[in-house]
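Below are the chains, spelled out letter by letter.
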Amino acid sequence: MAQLEKSQLHLGYIPLLDCVALLWAKQRGFFEEVGLDVSLVKEASWASLRDRLAFGFLDAAHCLSAMLPTAALAQDQLGIPLQTPLVLSYNSAFISLSQKLCYALDIKKTDDAATTAQKFFSAMQHEQYLPIAHVFKQSIHHYCLREWLALANPEFAKRVHLRTLPPPYMVEAISNQLIDGFCVGEPWNTQAEIQGYSQIIATGSDIIPRVADKVLAVTQEWAISNPNTLAALVQAIQKAQVELKQMQDLEPVWQVLVDYNIIRFACSASVHVEKYHLIQNIIRGFIPKQAQPQVSDFVWLTQQMQKWDDVNLESDEIHGISENCVIQTKT
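An unreviewed UniProt entry lists the protein chain under the name ABC transporter substrate-binding protein, with Acinetobacter johnsonii as the source organism. In UniProt, the protein chain has this text filed under Subcellular location (unreviewed entry): "Endomembrane system".

Pasting the structure below:
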């Protein structure tokens, strides 16, 4: 292996299921195998993670894919280019509404995304303000909510105000009736459902294409300065991804998620059994056959920024920005 430019790394993450490959690489000693001393750093919000990554307090991070074209366009007010060599999850957003609202709107578990959107829109039309939240403005969660609402009324989808909350605060917000729904990754939808506050009414795959959701991100400057270190980091995380995909028993992984305070509810092979196995399937589904980021994913994300965030770009600009989001690591 080529000599590492840097061996001590701070790796940021947000408490979500799709940071699991980072946690598992740490648990299994895969970072040490490639000569890295990695400290995992839990961040409070996507904004804090982005800022700490951009300004060098973090070497790399579990990051929202849409943050990369946003940084390229300086829409994040920072303008420090971010890049990725590795996808951590695809299209892992879920939309949940409060159980109280689902009952009032007669939302059934058999309703498709268009039906639930129409019922929600109809309630809003009757002068009933129903606040819903996403995790960050530039995220597939934001765009998933907009596209869901557009199934009922595109103009309404464009103008409706959506709140922003860090993923771990979604359950608290809906339990205190500060919001009536949210779009977030797991396990927060499941926790809120198990605790009786909300109901999952749609998945991202019901509404938007299969695109990268979370990625391993570094600044462009860091990638240029640390190519061997980045390659080693990717190698360790990919080894964790492969093992997670192949494991028959994910109970040890579940315990790691509990230890890191990501799973905060009773769920096992004997309690909430269906949810237990569903979450395991979600974890296995994070790992694609090919984890190399695709330019087409960032084209779609940038087009969503045009559609919902009033960003004006020509098609060649979109492609150029998208290409710059993806980096190839050294082998």
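**Student:** What should I look at first to understand the sheet that holds strand 1 (residues 8–13) in this one?
**Tutor:** Note: strands within a sheet are paired through backbone hydrogen bonds, in either parallel or antiparallel orientation. The sheet built from five strands is open, its strands ordered 2-1-3-10-4 with mixed pairing. The sheet is open, and its two borders are formed by strand 2 (37–42) and strand 4 (82–90), each paired with just one other strand. When strand polarity is set aside, the average angle formed by the axes of neighbouring strands in this sheet is 25°. Bridging between strand 1 and strand 2 involves six bridges; their strand directions are parallel. Considered in strand 2, the bridge of Leu-11 is made with Leu-40. The sheet strands contacting helix 3 (residues 46–54) are strand 1, strand 2, strand 3 (60–64), strand 4 and strand 10 (212–219), and the helix crosses strand 3 at an angle near 140°.

**Student:** Teacher, can you tell me more about the packing of helix 1 (residues 20–27) against helix 13 (residues 227–246) here?
**Tutor:** A pair of packed helices can be characterised by two numbers: the angle between their axes and the separation between those axes. Two elements in contact, helix 1 and helix 13, have axes whose closest approach is 8 Å; the angle formed by their N-to-C orientations is 100°. Compared by their axis directions, helix 1 and helix 13 come out roughly perpendicular. Within the contact between the two elements, helix 1 uses Val-20, Ala-21, Leu-22, Trp-24 and Ala-25 and helix 13 uses Ala-236, Ile-237, Ala-240, Gln-241, Glu-243 and Leu-244. The class makeup of the residues in the contact of helix 1 with helix 13 is nine nonpolar, one polar and one charged.

**Student:** Would you take a moment to explain the environment of Lys-6 for this structure?
**Tutor:** For Lys-6, the position within the fold is in the segment before strand 1. Distance in space between the C-alpha atoms of Lys-6 and Ala-25 is 18 Å, their sequence separation being 19 residues. With residues up to four places along the chain from it excluded, the contact list for Lys-6 reads Leu-36, Asp-59, Trp-222, Asn-226 and Thr-229. Side-chain polar atoms of Lys-6 contact the side chain of Asp-59, separated by 2.5 Å.

**Student:** Is there a simple way to explain the environment of Phe-286 in this structure?
**Tutor:** Its location among the elements puts Phe-286 in the loop between helix 15 (273–285) and helix 16 (295–309). A relative accessible area of 4% places Phe-286 in the buried class. With 195 residues separating them in the primary sequence, Phe-286 and Asn-91 have C-alpha atoms 8.8 Å apart. Setting aside anything within four residues of it in sequence, one finds Phe-286 in contact with Leu-17, Asp-18, Val-20, Leu-88, Ser-89 and Ser-92.

Quick notes on the rules
Residues numbered from 1 in each chain as written. Predicted model: local features only at pLDDT ≥ 70, side-chain atom pairs only at ≥ 80, totals over all residues. Heavy atoms only, no water. UniProt positions renumbered as here; feature names shortened; annotations may be inferred. Pairing = 2+ DSSP bridges. Helix = DSSP H or I, 4+ residues; strand = E, 2+ residues; numbered from the N terminus. Axes fitted to C-alpha atoms, helices over the stretch in contact; angles between N-to-C directions. Contact = heavy atoms within 4.5 Å. Parallel < 35°, antiparallel > 145°, perpendicular 65-115°, else oblique. Nonpolar A, V, L, I, M, F, W, Y, C, P; charged D, E, K, R; others polar. Polar contact = N/O pair within 3.5 Å; in protein donor to acceptor, adjacent residues only side chain to side chain. Buried < 20%, exposed > 50% of the residue type's maximum accessible area, 1.4 Å probe, protein only.

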